[in-house]
Amino acid sequence: MSPFRCLRRTLPLAASVVLLVACSAQRDADGASPPPSVTVETLAPTPVVVRVDLPGRVTALRTAEIRPQVGGIVQRRLFEQGAEVEAGTPLFQIAPAPLRADVDTARASLRRAQAEARRTRVHSERLATLARDQVVSRQMYDDVVAQRDQAQADVAQAEASLARRLVDLGFSRVSAPIPGRIDQALVSEGALVTAGDSTPMATIQQIDRVYVDVRQPAGHGAALRRRLDARDTSDVEILVDGQPTGLHGRLLFSGTRVDAGTGDVLLRIEVENPARTLLPGMFVQARMVDAQYPTALTAPEEAIVRAGERASVWVLDASNHARLLPVTLGERIEGRYRIADGLQPGQRLVVKGMERLQEGGIAQARTESTDATDLAGTPGRD
């Protein structure tokens with residue numbers, strides 16, 4: 001083979017090698033990974049109100065069991081079962097005839113005592129003159145004066161007996177001692193009742209205002225007790241099945257005794273209940289302020305990186321270098337955590353895209369508008 005023909009074959013092969021090397025270098029240059037793009041949020045202190053939902057049970061403001069004060073046969077029921085009654089409303093009528101006869105007997109005894117008192121008074125006045133003239137003995141006069149005083153005492157006793165019989169006669173009409181809603185009648189017409197009956201005739205519960213009794217672990221009530229000591233009875237929202245009722249109450253007191261079985265203390269809340277929405281025995285939730293922070297830093301839940309029980313977040317410094325910082329989490333409030341320790345205002349917190357970040361690596365930051373003017377919600381402790 002001639003040298004010229006060999007040269008013609010070698011030149012195309014060399015050109016192909018050079019071209020492949022150049023293309024490979026170009027691909028290496030074009031394939032360099034750009035910095036990862038992340039979404040950041042600049043930390044700024046905001047007021048945070050932490051609310052807690054505590055289960056509770058509704059109790060009536062006042063409860064009165066209607067019991068007879070005198071014995072007798074029930075003649076009539078004078079109310080509609082389940083109705084609202086006012087204090088003093090007649091409820092039952094007990095047969096008054098025997099009681100009226102007792103009143104007449106007591107009145108006759110009083111008249112007899114009064115007549116005897118008048119006789120002894122006149123007699124004592126006559127003997128007083130004779131005693132001064134020494135016509136009768138001093139002993140006789142003293143005996144008459146004693147009879148006069150005894151007769152006056154008998155009058156007073158008869159008056160008291162008559163007053164008692166009149167009270168018993170008044171008790172024959174059983175009235176409501178308090179306003180409220182009356183339950184079903186537990187006795188019917190014709191029933192015999194006595195003053196010592198253990199079963200009430202009916203029950204009245206005042207529910208235009210009610211109490212909500214809730215229990216809270218003794219160790220979590222320090223903030224509430226501080227507000228009570230400062231007479232700060234903060235507004236409490238009442239929920240039923242987790243839904244707001246539109247009803248609000250005020251915290252009255254915190255119990256001073258811890259339940260030995262549960263470690264809870266009792267909190268009592270007074271709630272205005274004009275529409276009778278809350279009924280005694282209902283289970284509700286009381287949403288109340290558990291803590292307040294005038295200035296606090298918060299982070300979205302998705303920004304928290306967990307490794308076992310440790311929590312960390314990614315932040316970008318001024319030159320967009322990523323750093324993983326450990327943090328101490330506080331309460332969880334509406335999808336955000338209060339940062340108790342580990343971050344400072346003004347730091348840029350990575351909230352999205354941290355999967356491709358490396359310690360010290362550069363990232364491309366973009367911001368996301370957030371509404372962080374005020375946070376108030378139900379906490380979930382970390």
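Presented here is a report on the structure given in the accompanying data block.

Reading the values: rules and limits
- Residues numbered from 1 in each chain as written.
- Predicted model: local features only at pLDDT ≥ 70, side-chain atom pairs only at ≥ 80, totals over all residues.
- Heavy atoms only, no water.
- Helix = DSSP H or I, 4+ residues; strand = E, 2+ residues; numbered from the N terminus.
- Buried < 20%, exposed > 50% of the residue type's maximum accessible area, 1.4 Å probe, protein only.
- Polar contact = N/O pair within 3.5 Å; in protein donor to acceptor, adjacent residues only side chain to side chain.
- Salt bridge = Lys/Arg side-chain N within 4 Å of Asp/Glu carboxyl O.
- Axes fitted to C-alpha atoms, helices over the stretch in contact; angles between N-to-C directions.
- Parallel < 35°, antiparallel > 145°, perpendicular 65-115°, else oblique.
- Left-handed = near helix turned anticlockwise from the far one by under 90°.
- Nonpolar A, V, L, I, M, F, W, Y, C, P; charged D, E, K, R; others polar.

## Describing the side chain of Arg336
By the element assignment, Arg336 lies in strand S17 (residues 336–341). You can call Arg336 buried: its relative accessible area is 14%. Engagement of the side chain of Arg336 in a polar contact is seen with the side chain of Glu41, the distance being 2.7 Å.

## A few points about the pattern of salt bridges
A side chain with one charge can pair with a side chain of the opposite charge if their charged atoms come near. Enumeration over the complete set of coordinates arrives at 16 salt bridges. Asp168 is the salt-bridge partner of Arg165, the closest N and O atoms lying 3.9 Å from each other. Of this pair, Arg165 and Asp168 both sit in helix H3 (residues 138–171), three residues apart, roughly one helical turn. Given the relative accessible area of 9%, Asp168 is considered buried. Ionic contacts of the salt-bridge type, sharing partners, join the residues Glu84, Arg181 and Arg276 into one network.

## Observations concerning the packing of helix H2 (residues 97–132) against H3
For any two helices packed against each other, the geometry comes down to the angle between their axes and how far apart the axes lie. At a minimum axis distance of 8 Å, the contact between H2 and H3 shows a crossing angle of 160°. Judged on the interaxial angle alone, H3 and H2 are roughly antiparallel. The element H2 and its partner H3 pack so that their crossing is left-handed. Taken together, the residues that form the contact of H2 with H3 break down as 18 nonpolar, eight polar and ten charged.

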